[in-house]
Amino acid sequence: MSAPEGSFPARGIFAGLTPEDLEALGHAGEAVSFDAGSTLFETGDAADAMFVITDGEAKVQVGGRFHILRAGDMVGEMAVLAPGTRMATVSAESDVRALRVPEDAFQRFLLDHPAVALSIMKQLVIRLREVEQRIDAWMA
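Quick summary incoming for the structure in this document.

What counts, and where the lines are drawn
Residues numbered from 1 in each chain as written. Predicted model: local features only at pLDDT ≥ 70, side-chain atom pairs only at ≥ 80, totals over all residues. Heavy atoms only, no water. Phe/Tyr/Trp six-rings, centres within 6.5 Å; stacked < 30°, edge-to-face > 60°. Helix = DSSP H or I, 4+ residues; strand = E, 2+ residues; numbered from the N terminus. Buried < 20%, exposed > 50% of the residue type's maximum accessible area, 1.4 Å probe, protein only. Axes fitted to C-alpha atoms, helices over the stretch in contact; angles between N-to-C directions. Parallel < 35°, antiparallel > 145°, perpendicular 65-115°, else oblique. Contact = heavy atoms within 4.5 Å. Nonpolar A, V, L, I, M, F, W, Y, C, P; charged D, E, K, R; others polar. Lys, Arg positive; Asp, Glu negative; His and termini not counted. Salt bridge = Lys/Arg side-chain N within 4 Å of Asp/Glu carboxyl O. Pairing = 2+ DSSP bridges.

### Overview of the packing of aromatic side chains
Counted by the stated rule, this structure contains 2 aromatic pairs. For the ring pair phenylalanine 34 and phenylalanine 51, a centre distance of 5.9 Å and an interplane angle of 70 degrees mean the geometry is edge-to-face. Within this pair, whereas phenylalanine 34 is found in strand S1 (residues 30-34), its partner phenylalanine 51 is found in strand S3 (residues 49-55), the two being separated by 17 residues in sequence. Residue classification places phenylalanine 34 among the buried residues on the basis of a relative accessible area of 14%. An aromatic cluster is defined as three or more aromatic residues linked by ring pairs; in this entry it consists of Phe34, Phe41 and Phe51.

### Focus: the packing of helix H3 (residues 103-112) against helix H4 (residues 114-139)
Closest axis-to-axis distance for the H3/H4 pair is 5 Å, and the angle between their directions is 110 degrees. Of the possible angle classes, the one that applies to H3 and H4 is roughly perpendicular. The residues of H4 that touch H3, namely those facing Phe106, Phe109, Leu110, Leu111 and Asp112, are Pro114, Val116, Ala117 and Ile120. In terms of residue class, the contact of H3 with H4 is made up of 8 nonpolar, no polar and 1 charged.

### Quick notes on the side chain of aspartate 21
Residue position: aspartate 21 is located in helix H1 (residues 19-28). The side chain of aspartate 21 sits in the buried core without any salt bridge; lysine 122 is the nearest counter-charge, 12 Å away. The residues contacting aspartate 21, other than those within four sequence positions of it, are Phe109, His113, Ala115 and Val116.

### Focus on the environment of leucine 110
Among the structural elements, leucine 110 can be located in helix H3. Owing to a relative accessible area of 12%, leucine 110 belongs among the buried residues under this scheme. Once the C-alpha coordinates of leucine 110 and isoleucine 120 are considered, the two residues, 10 residues apart in sequence, prove to be 9.4 Å apart. Not counting the four nearest positions on each side in its chain, leucine 110 is found in contact with Leu81, Val116, Ala117 and Ile120.

### Comments concerning the sheet that holds S1
Ordered in space as S1-S8-S3-S6, the 4 strands form an open sheet in which the pairing is antiparallel. Here the strands that pair on one side only, and so sit at the sheet edges, are S1 and strand S6 (74-75). Note that S3 and strand S8 (residues 96-102) share 6 bridges and pair antiparallel. Within the sheet, the bridge partner assigned to phenylalanine 51 lies in S8 and is arginine 100. Contacting S3 and S8, H3 runs over the sheet at an angle of about 80 degrees to S8.

### A word on the pattern of salt bridges
Tallied over the entire structure, the rule returns 6 salt bridges. Put simply, arginine 100 and aspartate 48 hold a salt bridge, and the shortest N to O gap is 3.1 Å. In this pair, arginine 100 sits in strand S8 while aspartate 48 sits in the loop between strand S2 (39-41) and S3, placing the two residues 52 residues apart along the sequence. Judged by its relative accessible area of 41%, aspartate 48 falls in the partly exposed class. Between aspartate 55 and arginine 97 there is a salt bridge whose closest N-O contact spans 3.9 Å. Taken together, the residues aspartate 55 in strand S3 and arginine 97 in strand S8 connect sequence positions 42 residues apart. Among the charged side chains, a network of salt bridges with common partners joins Glu30, Asp48, Arg86 and Arg100.

Fair warning: the whole summary comes from geometry, so function is off the table for now.
Following this line, the structure appears as structure tokens:
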């Protein structure tokens, strides 16, 4: 497997990671591309991999709502950390380049690179807080 072309953006899960962690992450997966309008995965699909967006924008749709992912954002990590089916549909808003990391490779990578696991946990907490704020606003 090869690392995606170019370098990882210095944001999202990549912020503060060592060059060694970034290189290892690149080798844990494979570079994939999606044309604008194509689907990365749909609700109900098997959760076999997670993606890190390296270029472009993708739209995540869940429960009638959506948000946009940009370079440095990850998607599908919750499904590969807690196996099940996909709970969202993700489509390419523009041409997207991403790193596709299979479930088993992702879990092995996290065990070998605890700084990345910590960074991902921080990103998940940020997302959880955002969801809680949206729920609070909706309930008000």
